[in-house]
Amino acid sequence: MTLTTDKYQVELEIPDYQLESGCSHPFGAVPDKDGVNFSIFSEHATSVELLLFDRDDAPQPRQIIQLNPKFNKTFHFWHVYVRGLKPGAHYAYRVNGNPDLHGAGHRFNKNKVLLDPYARGNTNALWQRNDALGSKDNLTTSMRSVVIDISNYDWEGDRPLNRPMSDTVIYEVHVGGFTRSPSSGCKHPGTFSAIIEKIPYLKELGITAVELLPIFDFDEKEPSPRSQR
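Residues numbered from 1 in each chain as written. Predicted model: local features only at pLDDT ≥ 70, side-chain atom pairs only at ≥ 80, totals over all residues. Heavy atoms only, no water.

Asker: Is there a simple way to think about the sheet that holds strand β6 (residues 45-53) in this case?
Answerer: In a beta sheet, neighbouring strands pair by backbone hydrogen bonds and run either parallel or antiparallel. A sheet is described by the order of its strands in space; here 5 strands give the open sequence β7-β6-β10-β12-β11, paired in antiparallel fashion. Looking at which strands have only one partner, the edges of the open sheet turn out to be β7 (63-66) and β11 (122-123). (Pairing = 2+ DSSP bridges. Helix = DSSP H or I, 4+ residues; strand = E, 2+ residues; numbered from the N terminus.)

What follows is the structure in structure tokens.
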């Protein structure tokens, strides 16, 4: 870390976070009052590194944590507890294994920085799509995941229905496409409000649960001709 004053710059030595073995559940980056537990699933990985960044635009990680399968792996879950880490921290992974593109489809590449598939937020301050292609290391232009604390979220009295799966009928919906057509008759087609308008219709069909396809912006950058091939 660099501290800049009016006259000079000083390199500050920041101590590493304390590490513990962590737990396999829950998945993702889950904070508590003392730190953050990280857990991801990879059946075929041979090594996993957790990268911790001071900022979303920090080109280099503050700390690289090499997970030891003897202490940081349960079944196919890789996990570690980082004591002292707080919500708002930025992180990513490197996952290595035996690539098998034309067989099992494994695309392991130790040079690529990966987002947490269970993350509740991601940032793209440095993101360059083309650098994610090929075998080149993309550390300095990769996306980062964010540790987010949802423990104090106000559910306003909502509770799980606890409906048995045997009685559940799930309808998979794309928020934008489900009501975009004028034939939907919705006041605000292609929106969450339109889905709410359609709840009586879905109940008539016998639907008991709606599963929304990804509802977040992921990559706002325009695809390049190369990436479209």
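Asker: I'm lost on unusual backbone geometry in this one. Help?
Answerer: Outside of glycine, negative phi angles account for most residues, and trans bonds account for most peptide bonds. Cis geometry marks the peptide bond from H25 to P26; its omega dihedral reads 0 degrees. Of note, P26 is situated in the loop between β3 (18-20) and β4 (28-31). Unlike most non-glycine residues, E156 shows phi in positive territory, near 55 degrees. With respect to the helices, strands and loops of the structure, E156 is situated in the loop between β12 (144-146) and β13 (170-173). Here E156 falls in the exposed class, since its relative accessible area comes to 69%. (Buried < 20%, exposed > 50% of the residue type's maximum accessible area, 1.4 Å probe, protein only.)

Asker: Any chance you could explain the pairing of β6 here in plain terms?
Answerer: On a regular strand, one side chain projects to one face of the sheet and the next to the other, so that they alternate. When β6 meets strand β10 (residues 90-97), the two strands line up antiparallel, connected through 8 bridges. Looking at the pairing, E49 lines up with R94 of β10. Of the pairings in the sheet, the one linking β6 to β7 comprises 4 bridges and is antiparallel in character. Counted as the bridge partner of E49 is Q66 from β7.

Asker: Just to check I follow, could you spell out the environment of G88 for this structure?
Answerer: One can find G88 in the loop between β9 (77-83) and β10. If we skip the residues at most four places from it in the chain, G88 touches V146 and V147. (Contact = heavy atoms within 4.5 Å.)

Asker: Explain a nonpolar patch on the surface to me, please; I cannot follow it from the model alone.
Answerer: Taken together, the side chains of I148, I150, Y153 and W155 define a hydrophobic patch exposed on the protein surface, amounting to about 440 Å² of accessible area. Relative to the helices and strands, W155 resides in the loop between β12 and β13. Accessibility expressed as a relative area gives 54% for W155, which makes it exposed. (Patch = residues over 30% accessible without salt bridge, like charges linked within 9 Å, V, L, I, M, F, W, Y side chains within 5 Å. Areas by Shrake-Rupley, 256 points an atom, 1.4 Å probe, with all protein chains shown as cover. Salt bridge = Lys/Arg side-chain N within 4 Å of Asp/Glu carboxyl O.)

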